[in-house]
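One letter stands for each residue in the lines below.
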Protein chains: 2
Amino acid sequence: MRARYSQCAVATFLILIWAVGGCGSAKPLLISDGSLDAIRLPAPRTTGGKPLMEALGDRQSSRDFSPASLSEQVLSDLLWAAFGINRPDSGKRTAPSALNWQETDIYVFTHQGAYLYDASENALLPIAAGDHRSATGSALQPYVKKAPVNLVYVVDSARSGIVGRVMSTEDRDMFSDAAVGFISQNVYLYCASEGLSTVVRGMVDRESLTTLLSLRPEQRIILAQSVGYPAE
Amino acid sequence: MRARYSQCAVATFLILIWAVGGCGSAKPLLISDGSLDAIRLPAPRTTGGKPLMEALGDRQSSRDFSPASLSEQVLSDLLWAAFGINRPDSGKRTAPSALNWQETDIYVFTHQGAYLYDASENALLPIAAGDHRSATGSALQPYVKKAPVNLVYVVDSARSGIVGRVMSTEDRDMFSDAAVGFISQNVYLYCASEGLSTVVRGMVDRESLTTLLSLRPEQRIILAQSVGYPAE
């Protein structure tokens, strides 16, 4: 499912993403250096899994990871569960957002690089080559480098409500913080269903990540979440 | 499952709740006026439900409610899914919280009154008699009064982290806002699984509710969520 794109093809692909993005989906500030491949994920499997109440019963945090990679199929399923499009007609998602702002972006960190999940294209867009997983946590969290995937949730107030008489900045930010919680819980339940380990984390190297991901002042890093198979 | 308690019995029950609460569970500021019954819920059914991926596929917001009540069994299942105890040995819950603060309380509004969900006792503790459902929304949300149940999510910084060198007030509040999102998403998925309508809402009459629920300055109302059967 992986294809190496020429610089021109990447540009075309990105223009296409911008053109068809719509529905409040991710509007990436793409800064690929051309050394990282975009990944077109296989179609997510949107059936199956544990019965919901059993997934809730098994939900837990674990910091115990095997270094084994997740397949692109599992990554596709995971990201669809997290914040995929579950109603293609409207572009609406598996998690809610205030007034359907869809202001959360999921950055995906693997040993290869940092990517931006594009739900409408079901693709990982290249952001930065190299293994930057440790920047998604702190020195007190050695498991972060071991987990094959770390997700970083970033909200973008350029896509959310206009602050003013009706809504304060505090309220808007509160809604966006909660929006990340909705998504992260989906990841928890997917992991509980599939026997994966996961833990959501507030200790994130925000300064390094802001630079690495070239985040704009309107973008805020809320939480990170490590995902992988449990250690043997 | 409902029993009318004498004032003395209510006092004993509440002392018991305080004594055995532990595990960071709700520490209610109880202000029952004696005219509202406590409700001991039936044990939640912690198996079954739609396969997770199908529940995610069906997750959506709906403002379309029948006035039909939820049974106490459904209410028990719903609240367990939301933020029940899924690991009795440790008192840990179906949704995560930073450092296991468990700082979120769920207030349950029905036509009879406002209650506090006590996960460890699987009970609804009486807070205020009467139909206060409309205060959980705004005049622009007439469906709020029609939905048989409205949940109000309140975080209590008296149970969360000490602000200081390691954690700012902003970070602590961001984690607590997200904590509500985890719980609300569980409610969404339970409703998707059981064919119930639900919508999470940020427009809440915070002033009225703060007075009604006698919230302390450390408590913040984050979101509300209406739940019921879809209109015919």
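Residues numbered from 1 in each chain as written. Chains lettered and ligands numbered in written order. Predicted model: local features only at pLDDT ≥ 70, side-chain atom pairs only at ≥ 80, totals over all residues. Heavy atoms only, no water.

## Regarding the sheet that holds strand 9 (residues 219-228) of chain B
Residues and elements named next belong to chain B.
Consideration 1: Strand order across the open sheet formed by 7 strands is 1-6-5-4-7-9-8, with antiparallel pairing between neighbours. The outermost strands of the open sheet, each flanked by one partner alone, are strand 1 (39-40) and strand 8 (197-201).
Consideration 2: Bridge count for strand 1 against strand 6 (residues 123-129) is 2 bridges, and the pairing is antiparallel. From the neighbouring strand, Arg 40 faces strand 6, where its bridge partner is Ala 123.
Consideration 3: In the packing of helix 3 (residues 72-83) onto the sheet, contacts are made with strand 1, strand 4 (104-109), strand 5 (113-118), strand 6, strand 7 (149-156) and strand 9, and the angle to strand 4 comes to roughly 160 degrees. (Pairing = 2+ DSSP bridges. Helix = DSSP H or I, 4+ residues; strand = E, 2+ residues; numbered from the N terminus. Contact = heavy atoms within 4.5 Å. Axes fitted to C-alpha atoms, helices over the stretch in contact; angles between N-to-C directions.)

## Some details on the relation of the copies chain B and chain A
Consideration 1: For the pair chain B and chain A, the relating rotation is 180 degrees, the translation along its axis is 0.0 Å, and the fit reaches an RMSD of 0.0 Å. A rotation of that kind, with that shift, is consistent with a two-fold axis.
Consideration 2: Mapped onto chain A, 100% of the interface residues of chain B again fall at the interface, so both copies present the same surface. (Least-squares fit on C-alpha atoms with pLDDT ≥ 70 in both.)

## As for the side chain of Ser 160 of chain B
Consideration 1: You can see Ser 160 of chain B is positioned in the loop between strand 7 and helix 5 (169-194).
Consideration 2: Excluding its chain neighbours within four sequence positions, the residues that come into contact with Ser 160 of chain B are Trp 101, Glu 103, Arg 172 and Ser 176 of chain B.

## What to know about the confidence of the model for chain A
All names here are of chain A.
Consideration 1: In this model, chain A carries an average pLDDT of 88, and 85% of its residues clear a pLDDT of 70 or more.
Consideration 2: pLDDT under 50 marks residues 1-32. Its contacts with residues more than four places away, or in other chains, come to 63 contacts.
Consideration 3: The ipTM assigned to the predicted complex is 0.87, against a pTM of 0.87. (pLDDT = per-residue confidence, 0-100.)

## What about the environment of Tyr 190 of chain A?
Consideration 1: Tracing the sequence through the fold places Tyr 190 of chain A in helix 5 (residues 169-194).
Consideration 2: Distance from Tyr 190 of chain A to Asp 37 of chain A, taken between C-alpha atoms, is 26 Å for residues 153 residues apart in sequence.
Consideration 3: The contacts of Tyr 190 of chain A, once residues within four sequence positions are left out, are Val 74, Asp 77, Leu 78, Ala 81 and Leu 196 of chain A together with Leu 52 and Met 53 of chain B.

## Comments concerning the interface of chain B and chain A
Consideration 1: Across the boundary between the two partners, chain B contributes 44 residues, which contact 44 residues of chain A.
Consideration 2: For the chain B and chain A pair, buried surface summed over both sides reaches about 3400 Å², with 64% attributable to carbon and sulfur atoms.
Consideration 3: Of all residues in chain B, the largest losses of buried area upon contact with chain A belong to Leu 52, Met 53 and Met 174 of chain B, amounting jointly to 20% of the total for that side.
Consideration 4: The tally of links between chain B and chain A comes to 0 salt bridges.
Consideration 5: Joining chain B to chain A, the criterion identifies 18 residue pairs in polar contact (both at pLDDT 80 or more).
Consideration 6: Secondary structure elements with two or more residues in the side of chain B that touches chain A: helix 2 (52-58), helix 3, strand 2 (85-87), helix 5 and strand 9 of chain B. (Buried area = accessible area lost by both parts, 1.4 Å probe. Salt bridge = Lys/Arg side-chain N within 4 Å of Asp/Glu carboxyl O. Polar contact = N/O pair within 3.5 Å; in protein donor to acceptor, adjacent residues only side chain to side chain.)

## Examining helix 3 of chain B
Residues and elements named next belong to chain B.
Consideration 1: Compared with an ideal rise of 1.5 Å per residue, which puts 12 residues at 16 Å, helix 3 spans 16 Å between its outermost C-alpha atoms and is within 8% of the ideal.
Consideration 2: Most of helix 3 is tucked away: 11 of the 12 residues are buried.
Consideration 3: Taken residue by residue, helix 3 has Glu 72, Val 74, Leu 75, Ser 76, Asp 77, Leu 78, Leu 79, Trp 80, Ala 81, Ala 82 and Phe 83 as its buried positions. (Expected span 1.5 Å × (residues − 1). Buried < 20%, exposed > 50% of the residue type's maximum accessible area, 1.4 Å probe, protein only.)

## What to know about the sheet that holds strand 8 (residues 197-201) of chain A
Residue and element names in this part refer to chain A.
Consideration 1: Strand order in this open sheet of 7 strands is 1-6-5-4-7-9-8, and the pairing throughout is antiparallel. Since the sheet does not close on itself, it has two edges, and those belong to strand 1 (39-40) and strand 8, each with one partner.
Consideration 2: When strand 7 (residues 149-156) meets strand 9 (residues 219-228), the two strands line up antiparallel, connected through 8 bridges. Paired with Tyr 153 across the strands is Leu 223, a residue of strand 9.
Consideration 3: Running at roughly 10 degrees to strand 9, helix 5 makes contact with strand 4 (104-109), strand 7, strand 8 and strand 9 of the sheet.

## Overview of the pattern of salt bridges
All names here are of chain B.
Consideration 1: Per the stated rule, a full pass over the model turns up 22 salt bridges over all chains.
Consideration 2: One salt bridge connects Asp 173 with Arg 172, and the closest N-O pair in it is separated by 3.1 Å.
Consideration 3: One salt bridge in this structure joins Arg 220 and Asp 173, with 3.8 Å as the shortest N-O distance. Of this pair, Arg 220 sits in strand 9 while Asp 173 sits in helix 5, and the two are 47 residues apart along the sequence.

## Re unusual backbone geometry
Residues and elements named next belong to chain B.
Consideration 1: A positive phi angle, near 50 degrees, is found at Leu 99, a position not held by glycine.
Consideration 2: Its place among the elements puts Leu 99 in the loop between strand 3 (92-93) and strand 4.
Consideration 3: By relative accessible area, which is 70% here, Leu 99 ends up exposed.
Consideration 4: Phi is positive for Asn 122, close to 50 degrees, though the residue is something other than glycine.

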